[in-house]
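Coordinates in review
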Amino acid sequence: MNLTRLLPINLLLASSLATSLASPLAAKEGMFTPDQLQDISGQLEEAGLEIDPEQLADLTGFPMGAVVSLGGCSASFVSPEGLVVTNHHCARGSVQFNSTAENNYLADGFLAATKADELPAAPGSRIYVTTEVTDVTEQVRAGTESLAPLARYELVEQRRKDIIAGCEEAAGYRCQVASFYGGAQYKLIKRLEVRDVRIVYAPADSIGKYGGDIDNWQWPRHTGDFAFYRAYVAPDGSAADFDEANVPYEPEHHLKVSASGLDDGDFVMAAGYPGSTSRYTLLAEVENTFNWTYPTFQTLLTDWIATIEEAAPEGSDARVKYESRLAGLNNFEKNLRGQIEGARRVGLVERRRAREAALADWIAADSDRAAYGEAIAQLAQLSEESAAAARTNFWYNNVSRPSLFSAARRLYRLAKERQKPNAEREPGFQERDMTFFRQGLQALDRRYDPAVDKAEWVLFLTSYIQQPMGERVADIDQAMGLTSKTTAEELPAIVDRFYAETTLGDSETRLALMEASPEALEASEDPFMQLAVAVYDYGFQLETERKTRSGRSLALRPAYMEAITAWQKEQGELAYPDANSTLRVTFGSVLGGSPRDGMAYLPFTTLEGITDKDTGEDPFNSPPELLERIEAKDYGSYALESIGSVPVNFLSDLDSTGGNSGSATLNSRAELVGLLFDGTFESVNSDWDFDPRTTRTIHVDTRYMLWVMDKVDGAEALIEEMDIVE
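The following paragraphs examine the structure supplied in this document. Small disclaimer: the values here were computed from a predicted structure and weren't measured.

1. Observations regarding helix 15 (residues 450–464)
The first and last C-alpha atoms of helix 15 sit 21 Å apart over 15 residues, in line with the 21 Å expected at 1.5 Å per residue. Of all 15 residues making up helix 15, eleven are buried, and the element is well covered by its neighbours. When helix 15 is considered as a whole, its buried residues turn out to be Val-452, Asp-453, Glu-456, Trp-457, Val-458, Leu-459, Phe-460, Leu-461, Thr-462, Ser-463 and Tyr-464.

2. A closer look at the pairing of strand 13 (residues 267–272)
Judged by how many residues are buried, strand 13 sits mostly within the fold: six of six residues are covered. Burial of the side chains of strand 13 extends over both faces: Phe-267, Met-269 and Ala-271 are buried on one face and Val-268, Ala-270 and Gly-272 on the other. Where strand 13 lies against strand 14 (residues 584–589), six bridges are found, and the strand directions are antiparallel. Residue Gly-272 lies in a different strand from strand 14, and its bridge partner there is Arg-584. Pairing geometry for strand 13 and strand 17 (residues 664–666), over three bridges, is antiparallel. Bridge assignment links Ala-270 to a residue of strand 17, and that residue is Thr-665.

3. Considerations on the pattern of salt bridges
A full pass over the atoms with the stated rule returns 46 salt bridges. Its salt-bridge partner being Asp-205, residue Arg-92 comes within 2.6 Å of it at the nearest N-O pair. Of this pair, Arg-92 sits in helix 3 (residues 88–97) while Asp-205 sits in helix 7 (residues 205–208), placing them 113 residues apart in sequence. Close ionic contact of Arg-669 with Glu-671 constitutes a salt bridge, the shortest N to O distance being 3.3 Å. With a relative accessible area of 13%, Glu-671 lands in the buried category.

4. Describing the nonpolar core
Membership of the largest hydrophobic core comes to 85 residues, with the highest contact counts inside it found for Phe-228, Tyr-704, Trp-707 and Met-709. If we skip the residues at most four places from it in the chain, Met-709 touches Tyr-201, Phe-226, Phe-228, Gly-714, Ala-715, Glu-716, Leu-718, Ile-719 and Met-722. If you look at the next biggest cluster of nonpolar residues, it comprises 69 residues, including Ala-408, Leu-444, Ile-494 and Leu-511.

5. Focus: the packing of helix 22 (residues 624–631) against helix 23 (residues 702–712)
Between helix 22 and helix 23, the shortest axis-to-axis distance is 10 Å and the interhelical angle comes to 105 degrees. Put simply, helix 22 runs roughly perpendicular to helix 23. Residues Glu-625, Leu-626, Arg-629 and Ile-630 of helix 22 lie in contact with helix 23, whose contacting residues are Tyr-704, Trp-707, Lys-711 and Val-712.

So, how was this worked out
- Residues numbered from 1 in each chain as written.
- Predicted model: local features only at pLDDT ≥ 70, side-chain atom pairs only at ≥ 80, totals over all residues.
- Heavy atoms only, no water.
- Helix = DSSP H or I, 4+ residues; strand = E, 2+ residues; numbered from the N terminus.
- Expected span 1.5 Å × (residues − 1).
- Buried < 20%, exposed > 50% of the residue type's maximum accessible area, 1.4 Å probe, protein only.
- Pairing = 2+ DSSP bridges.
- Salt bridge = Lys/Arg side-chain N within 4 Å of Asp/Glu carboxyl O.
- Core = buried A, V, L, I, M, F, W, Y, C linked by side-chain atoms within 4.5 Å.
- Contact = heavy atoms within 4.5 Å.
- Axes fitted to C-alpha atoms, helices over the stretch in contact; angles between N-to-C directions.
- Parallel < 35°, antiparallel > 145°, perpendicular 65-115°, else oblique.

The values reported here are purely geometric and, on their own, carry no functional implication.
Here's what the structure looks like:
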């Protein structure tokens, strides 16, 4: 990184930097569930929150009722007409789905002139609006303590499915029973499932993805990572599939959008749906992850990216189909490098070892805590077994990745599951899942190219055949004709037969097979289906072993988390559960920092930073209109006085992870001031261990969002639709 890019564009920034670095570098750890916020109301008020903290505990009230999940990203309502704002990279898959080489909305951007021009999002796109949360711990856990591990797991899962089925008797709702604290607590979350989702506006990649993979996980950033969807429902207000007769959904709550924004040191909080963290995992899993899994996967990802880029040349229709996957793989590869480097920098393994030793000392100090120690010792052994299984399964899982092989495996599993009563089927194969199942098979048409898929499979098989025979899968070897003497050079010819003889590349064929019986699929002459049938028993065995380990964990991990919670409480800390894709709130302030010796991060980037980076070539190729506006210093009313320009992105010390993308960043009055979209390279390791010095989260500033809409893309109608506050 060129340090000159971090220098102030005017002298006012120098004082801003001094303020940031003089502030305590104590990032605010904690992805709190909304009901926990009442317990830390004093901390919130001291940090600067102006609204009543109890408001944040009501998931259906304001402002939490405006925050929604996209099923992998977060978002929020910003108008009474169902307008939803999220990150550009969260909506990019839908933009890609509607794009072709001739009509490329990724390159050109998309803005619907009227509601009638809004485009259907990619199949499977959803907006989930939480309407009710109920504690169901007793219903799930009662009487499971004495059961054998597999029986315990199966009973817990069956109860969760039964509770969900009861909840979903109300049409149009999608429910989940979420586990907290390792299975110590369960909550039923009832959500309206908006199925008609449409793209309203997405800037061109030259704004929404500015900096691309080069700037990903880096600071300074200048990315306009925002886009808009709209939620549609039937005329009577019920959830419905896409229909031209549908009308915009009218949310009970929506956020006001701030045009005045924030300054350095101001209070901020983010509300969203973080995917998963691993802050309570034991030492064995940490060691396996950072000593083997992450380094091995990071190497594979590098080769995987190169394989796709070679098989899908720039500008080809295949590249358009694989743009979203490439973006995801590049993001993941860089994330893993950051995780590995961060673990080394903070001494993660030693820190985890020290934490477990300190917890053991606390347990040993009181004989009444002995049961905790026994449970933790057994859980540590289980963690070692799980780590060993993860290493064994790694290569099999990769070989199973190619699109048509994966589709065949899922279709055969569906045929097997359909022999059971619906209530007893595995998650993903119940009637409630069939819309997603069908849409996934349909979406394959826009995200699959046989030449690329074949190249990916050859790559995975090349790594697979290099493993010792004892770590390979006999069923795969036999079905594909692989031996200990098979070479990488022979693999293309071996896989050619599968693609030459399959009919699964046809969407109608795949959809028709959803109704096929196991016997019909077992008699199929399609080579991918034959392979899926051949590996079914092995895959089922792995699944049974995993369920058994999970059943053991359900008996042990709650005790471990109870010990952690009591131990932290004695230290004056509130133990929050690991992220699990449920609504969480994190709070802190706008804050720069110094992640390492000699490096200083200012809290804001500016429009002028865009022109400083711009080369005219992807990914630093801003639209000419944008550059002209910057050159003319046409800031409008969106400038921040302390930096003398329009702020583009800003840093905070908020606690975040994957799934937080698109999270509403709110000020002290719960007005939208930004969208969370990334973290710095030094902070990605916070999934495992929170480091207050280095943890910084990156947000796109609403002032830049409004400036682009107003000055560059002509989205005045959307600005008028939103409640903009100065």
